[in-house]
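One-letter residues, chain by chain:
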Amino acid sequence: AQSVTQPDIHITVSEGASLELRCNYSYGATPYLFWYVQSPGQGLQLLLKYFSGDTLVQGIKGFEAEFKRSQSSFNLRKPSVHWSDAAEYFCALGGSNTGKLIFGQGTTLQVKP
Amino acid sequence: NAGVTQTPKFRILKIGQSMTLQCTQDMNHNYMYWYRQDPGMGLKLIYYSVGAGITDKGEVPNGYNVSRSTTEDFPLRLELAAPSQTSVYFCASSYSTETQYFGPGTRLLVL
């Protein structure tokens, strides 16, 4: 069965510290993987995506993610977090011919000053 | 481009009432989707459409209906509102089976 797991429901980091948000997936074929960010009361904004090719993908706002097939993971990273990065982050899995996405439960990021 | 727009932004319904959540996109996207978001649950797919006149059920379709008469519009209909339908509803669209663009959401409260 296809699924996405984000093991961390809530993460708190200090401003300027590095960040890694975890995402694990279950899928029988080559997945399409996405990270979306949702600020309070807002819709979802795409941070980055992986379809094929280079396993390290760069996104907006200084975020990057690495696809590791052997670990079924697609973790999101940022070297130095800013207070404006406080939001909820969703990992999503696609790959069907209908474009349907399966979302993880989300990780809420809190940034301490 | 306005992108994906949703109306209303917020609505309170009484149990048993009906309503239509509107979704419009101006990007000429073939694919459109409706999700609901509940706290701690991520987003669940309700219905989707791969083109005008073609719709199909997602993971949680019970209690909802959709239609797709034009490329631009993909309304979601609630016929008999129930408290379990209290949620935030997001519409999304995509040109292909890749990147989806989301609307700002409709917050629905059923009392």
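An account of the accompanying structure is given in this report. (Residues numbered from 1 in each chain as written. Chains lettered and ligands numbered in written order. Predicted model: local features only at pLDDT ≥ 70, side-chain atom pairs only at ≥ 80, totals over all residues. Heavy atoms only, no water.)

On to the packing of aromatic side chains, then. Residue and element names in this part refer to chain A. Scanning all chains against the criterion turns up 15 aromatic pairs over all chains. Between Y32 and F51, the ring centres sit 4.5 Å apart and the planes meet at 45°, which makes this aromatic pair tilted. Of this pair, Y32 sits in strand β5 (residues 32–38) while F51 sits in the loop between β6 (44–50) and β7 (56–58), and the two are 19 residues apart along the sequence. A relative accessible area of 22% means that Y32 is categorised as partly exposed. (Phe/Tyr/Trp six-rings, centres within 6.5 Å; stacked < 30°, edge-to-face > 60°. Helix = DSSP H or I, 4+ residues; strand = E, 2+ residues; numbered from the N terminus. Buried < 20%, exposed > 50% of the residue type's maximum accessible area, 1.4 Å probe, protein only.)

This brings us to unusual backbone geometry. The omega torsion of the bond from T7 of chain B to P8 of chain B falls at -5°, within 30 degrees of zero and hence cis. Within the element layout of this structure, P8 of chain B appears in the loop between β1 (4–7) and β2 (10–13). Residues other than glycine seldom take positive phi values, yet K61 of chain A does so here, at roughly 60°. Among the structural elements, K61 of chain A can be located in the loop between β7 and β8 (64–68). Even without being glycine, S72 of chain A reaches a positive phi, approximately 50°. Relative accessible area serves as the criterion here: at 27%, S72 of chain A is assigned to the partly exposed category.

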